[in-house]
Amino acid sequence: MSEVNNHQVRLAARPTGLPQASDWSMAEEPIPTPSAGELSVAISHISLDPAMRGWMNAGASYIDPVEVGDVMRAGAVGCVLASEHPDFSVGEYVYSDFGVQEYALSDGRGVLKIDPAIAPLPCYLGTLGMTGMTAYFGLLDVAKVRAGDTVVVSGAAGAVGSAAGQIAKIKGCRVVGIAGGEEKCRWLLEELGFDAAIDYKAQDVRRALREAAPDGVDVYFDNVGGEILDAVLTRLARGARIVICGAVSQYNATEGVRGPSNYLSLLVARASMIGMVVFDYAPRFGEAAREIAGWMQEGRLISREHVVDGGVSAFPETLLKLFSGENVGKLVLRVDAD
Ligand SMILES: NC(=O)c1ccc[n+]([C@@H]2O[C@H](COP(=O)([O-])OP(=O)(O)OC[C@H]3O[C@@H](n4cnc5c(N)ncnc54)[C@H](OP(=O)(O)O)[C@@H]3O)[C@@H](O)[C@H]2O)c1
């Protein structure tokens, strides 16, 4: 019998506004043992996503809510610890929605094999994982970017935004990033090759866009919603496409989501605003990951992961970094201790 237990973070209450420590409970269980057709996984890294805030709410969305008392849903990577499943062997590395815990039991459905020789494990939660897929399909399939387009990306120094902006550059677009703070803006310009960067915490976005996108915005990849969406709506070029990827500025709103008041610009610009959910593209993830990995190998796309140590007990406070903007690149929690 192992003396090590499986530490977990469970949803204790549905939050109002920003999640509080009291919305979580820490639990401990014996490490699961697989039965026939199952595998167990020792989790090494857990993905932190703004969408987690939505999963904590009751009510229908694109995915079922996490029930109070359940282990918090999370994408994670780890190593197969024991296997009674014909397709998985001990020592293989895998990704799935294993949850905020140290060990997971799975029947193999939705489990993907990953190769740490191609990229470090946290990268499979970011650029080679869900956020990279979101950037790729949002830009290429939903916005259908073309060379010469002016593409504006909000949340530009985050996981999805930094990948989206770089893919737009690879496709020959002029790219303007909107992010919070001088340091993030410098990173976009100096390391990622963006053409312009707007610090929404220090600048008037509408005025700054006039300079950064003098011919108007052909594609707006929106990760934040709220006031920034409204500002971009005033600068649309004819035929503009707005991808509604997310609205992180609204996820903790206590008085309802702020909708865009400048939406009549869509009429004037003959523009469209299209929502997307990355899971719809799951059958094509392999194809996208191969192309993204190629760009990384060629040095054309930089993947940055913001890895926080501290194990599952650090999950509640680490999640809040997404809403205060403390992360640069993909926020990941490291679970294994060595
Ligand atoms: N549709 C889909 O299928 C799909 C899939 C994955 C992710 N998403 C969405 O994509 C967006 C980005 O996700 P991510 O995982 O890449 O997170 P992220 O951008 O790495 O992290 C969140 C960032 O949001 C910014 N932010 C927080 N509060 C803000 C506010 N009030 N106003 C403006 N910016 C704010 C912060 O950067 P600053 O310092 O710049 O403020 C923070 O670093 C989210 O909206 C997420 O829900 C959608």
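Residues numbered from 1 in each chain as written. Predicted model: local features only at pLDDT ≥ 70, side-chain atom pairs only at ≥ 80, totals over all residues. Heavy atoms only, no water.

Enquirer: Quick question: what am I supposed to make of the overall build of the chain here?
Expert: Secondary structure summary: the chain contains 10 helices and 15 strands in total. For 338 residues, the compact-globule estimate of 2.2 N^0.38 gives 20 Å, and the chain sits close to it at 20 Å. Its C-alpha atoms give the chain principal-axis dimensions of about 65 × 45 × 35 Å. Residue burial in the chain is summarised as follows: out of 338 residues, 52% are buried. Restricting to contacts in the chain with at least 6 residues of sequence separation, those with at least 24 account for 66%. Carbon and sulfur atoms provide 49% of the accessible area of the chain, an area that totals close to 15200 Å². Of note, the chain has its 29 positive side-chain charges centred 11 Å away from the centre of its 42 negative side-chain charges. (Helix = DSSP H or I, 4+ residues; strand = E, 2+ residues; numbered from the N terminus. Rg over C-alpha atoms; globule rule 2.2 N^0.38 Å. Buried < 20%, exposed > 50% of the residue type's maximum accessible area, 1.4 Å probe, protein only. Contact = heavy atoms within 4.5 Å. Areas by Shrake-Rupley, 256 points an atom, 1.4 Å probe, with all protein chains shown as cover. Lys, Arg positive; Asp, Glu negative; His and termini not counted. Charge placed at Lys NZ, Arg CZ, Asp CG, Glu CD.)

Enquirer: Just to check I follow, could you spell out the environment of valine 152 for this structure?
Expert: Topologically, valine 152 is positioned in strand 8 (residues 150-154). Valine 152 gets classed as buried once you look at its relative accessible area, which sits at 0%. The sequence separation of valine 152 and isoleucine 228 amounts to 76 residues, and the corresponding C-alpha distance is 11 Å.

Enquirer: Sorry, what's going on with helix 8 (residues 285-297) here?
Expert: Side chains three or four residues apart in an α-helix point the same way, a direct result of the helix having 3.6 residues per turn. With 13 residues, helix 8 should cover 18 Å at 1.5 Å per step; its first-to-last C-alpha distance of 18 Å lies within 8% of that length. For helix 8, the full list of buried residues reads Phe285, Ala288, Ile292, Ala293 and Trp295. Considered in projection along helix 8, the buried side chains sweep an arc of 160 degrees and stay on one side of the axis. Every exposed residue of helix 8 that faces more than 90 degrees away from the buried side is listed here: Arg290 and Gln297. Of the surrounding elements, those touching the buried residues of helix 8 are helix 2 (130-142) and helix 3 (159-170). Positive phi appears at glycine 299, one or two residues downstream of helix 8, with a value of about 75 degrees. (Expected span 1.5 Å × (residues − 1). Arc of directions from axis to C-beta.)

Enquirer: What is the right way to look at the pattern of salt bridges in this model?
Expert: A side chain of one charge can pair with a side chain of the opposite charge when the charged atoms of the two come close. Using the criterion set out here, one finds 16 salt bridges in the structure. Taking the shortest distance from any N to any O, the salt bridge between arginine 258 and aspartate 230 comes out at 2.8 Å. Of the two residues, arginine 258 is situated in the loop between strand 12 (236-244) and helix 7 (265-268) and aspartate 230 in helix 6 (residues 226-233); the sequence distance between them amounts to 28 residues. Residue aspartate 230 is classed as buried on the basis of its relative accessible area of 5%. (Salt bridge = Lys/Arg side-chain N within 4 Å of Asp/Glu carboxyl O.)

Enquirer: What should I look at first to understand the sheet that holds strand 10 (residues 196-199) in this one?
Expert: Working definition: the strands of a sheet are paired by backbone hydrogen bonds and lie parallel or antiparallel to each other. Read across the sheet, 6 strands follow the order 10-9-8-11-12-13 without closing on themselves; strand pairing throughout is parallel. Of all the strands in the sheet, just strand 10 and strand 13 (272-275) have a single pairing partner and so form its edges. Neighbouring strand axes in the sheet, compared pairwise and without regard to direction, differ in orientation by 15 degrees on average. Along the sheet face, helix 3 touches strand 8, strand 9 (174-179) and strand 11 (217-222) and points at about 170 degrees away from the line of strand 8. Contacting strand 8, strand 9, strand 11, strand 12 and strand 13, helix 6 crosses the sheet at an angle of about 170 degrees to strand 11. (Pairing = 2+ DSSP bridges. Axes fitted to C-alpha atoms, helices over the stretch in contact; angles between N-to-C directions.)

Enquirer: Can you help me understand the site of the ligand in this one?
Expert: Among the 27 residues in the neighbourhood of the ligand, the closest are listed as Val160, Lys184, Tyr200, Val278 and Asn327. Contact between the ligand and asparagine 223: an oxygen atom at 2.8 Å from a main-chain N or O atom of the residue. One of the backbone nitrogen or oxygen atoms of cysteine 245 is found 2.9 Å away from a nitrogen atom of the ligand. Look at the ligand: alone it shows 910 Å² of surface, and the protein chains cover 91% of it. Contributing elements (two or more residues each) for the shell around the ligand: helix 2, helix 3 and helix 10 (321-324). Among the elements that make up the shell around the ligand, the one with the highest residue count is helix 2 (3 residues). (Near = heavy atom within 4 Å. Polar contact = N/O pair within 3.5 Å; in protein donor to acceptor, adjacent residues only side chain to side chain.)

Enquirer: Help me understand the packing of helix 2 against helix 3, please; the structure alone is not making it clear to me.
Expert: Packed helix pairs are characterised by how far apart their axes lie and by the angle those axes make with each other. As a packed pair, helix 2 and helix 3 sit with axes 8 Å apart at the nearest point and diverge in direction by 45 degrees. When the interaxial angle is binned, helix 2 and helix 3 end up oblique. Considering only the axes of helix 2 and helix 3, their crossing is right-handed. Contacts between helix 2 and helix 3 pair Thr131, Thr134, Ala135, Tyr136, Leu139 and Leu140 from the former with Ala159, Val160, Ala163, Ala164, Ile167 and Ala168 from the latter. Within the contact of helix 2 with helix 3, the residues separate by chemical class into 10 nonpolar, 2 polar and no charged. (Parallel < 35°, antiparallel > 145°, perpendicular 65-115°, else oblique. Left-handed = near helix turned anticlockwise from the far one by under 90°. Nonpolar A, V, L, I, M, F, W, Y, C, P; charged D, E, K, R; others polar.)

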